[in-house]
Amino acid sequence: MEQQAKIFLSEERGLTQLDWMRSYSTFNFGAYKTDCKTPVGNLYVLNDDTLAGGKSLYLKAEEDTFVIIIPIAGAVEYKDKNGNSNTIIAGQALTAALEGGAAFVVTNPYPEALVNFLQLWVKAPGVQHTTGIREYPFDISLLKNSFATKELAPGIKLRLGKFEGRKKTLVNFNSGKTVFAFAIEGAFELEERLLHARDGLALWGAQAIDMEALSNDAIMLVLEMG
């Protein structure tokens, strides 16, 4: 099968900005709509959010969804209508299973400091049969030229890794997958394409991805979908 690919550049993301928050949207979200920013596989939201001290984002899942929260700087508190709540810090990830239409809140627990976090929404039909939230430790400081991998659900895997400059890595998949790679920090060459910080690359029918870090302390996220 021929592998298809599409790059999502950081500078082409949608921007929503208020005096207390800033949100960059890799895909169509809220008032940001464009034909070239449609979802990739089951991944339909990837937002890069910054919140001022003590502020909250009130959000609602459009359909049955796994929500993934990854703090980049600081910590965030998650709460939903089912009574689930948790505070996670940089180096951790949280996933929550929500029914379509369910609301949740993400709050900056610090009174003055800014926080920055990623949120990913992955379609998960029938997710109402799954309850609660799960926390995954990703101690980025301990990762050296490798990925930490967590299976969020059958067919959905999240990888986070930190790499030194010029380190090459090959990630294999069991069969042709839909994959979305996102450079959190630093620069990478991935499948002969250059990714700078906050650039993304979608791959369809991927058997493997070949990547090389081009800067030190480069951090990569890879979401594998069925």
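Below is a short write-up of the structure. Computed from a prediction, not measured in an experiment: that's the story for all the values here. (Residues numbered from 1 in each chain as written. Predicted model: local features only at pLDDT ≥ 70, side-chain atom pairs only at ≥ 80, totals over all residues. Heavy atoms only, no water.)

**Some thoughts on the sheet that holds strand E8 (residues 85-89)**
Then, in step 1: Taken in spatial order, the 4 strands of this open sheet run E5-E10-E7-E8, and their pairing is antiparallel. Among the strands making up the open sheet, the edge pair consists of strand E5 (56-60) and E8. Neighbouring strand axes in the sheet, compared pairwise and without regard to direction, differ in orientation by 20° on average.
Then, in step 2: Strand direction decides the pairing type here: strand E7 (residues 75-80) and E8, joined by 5 bridges, are antiparallel. Pairing of Val76 across the sheet is with Ile88, part of E8. (Pairing = 2+ DSSP bridges. Helix = DSSP H or I, 4+ residues; strand = E, 2+ residues; numbered from the N terminus. Axes fitted to C-alpha atoms, helices over the stretch in contact; angles between N-to-C directions.)

**Some thoughts on the sheet that holds strand E3 (residues 21-25)**
Then, in step 1: Here 7 strands make up an open sheet; going across it, the order is E2-E3-E4-E11-E6-E9-E12 and the pairing antiparallel. Two strands in the sheet have a free side with no partner beyond their single neighbour: strand E2 (14-17) and strand E12 (133-137). Going across the sheet, the axis of each strand differs from the next one's by a mean of 20°, ignoring polarity.

**Some details on the pattern of salt bridges**
Once the charged atoms of two side chains with opposite charge are near each other, the side chains can pair.
Then, in step 1: Evaluated as defined, the whole model comprises 10 salt bridges.
Then, in step 2: Lys37 is the salt-bridge partner of Glu12, the closest N and O atoms lying 3.7 Å from each other. With Glu12 in the loop between strand E1 (4-8) and E2 and Lys37 in the loop between E3 and strand E4 (43-51), this residue pair connects regions lying 25 residues apart in the sequence.
Then, in step 3: Lys37 gets classed as buried once you look at its relative accessible area, which sits at 4%.
Then, in step 4: One salt bridge connects Arg166 with Glu212, and the closest N-O pair in it is separated by 3.3 Å. Here Arg166 is found in the loop between strand E14 (156-163) and strand E15 (168-185), whereas its partner Glu212 is found in strand E18 (residues 200-213), with 46 residues between them in sequence.
Then, in step 5: Within this structure, Arg13, Asp48, Glu185 and Arg198 form a network of salt bridges that share partners. (Salt bridge = Lys/Arg side-chain N within 4 Å of Asp/Glu carboxyl O. Buried < 20%, exposed > 50% of the residue type's maximum accessible area, 1.4 Å probe, protein only.)

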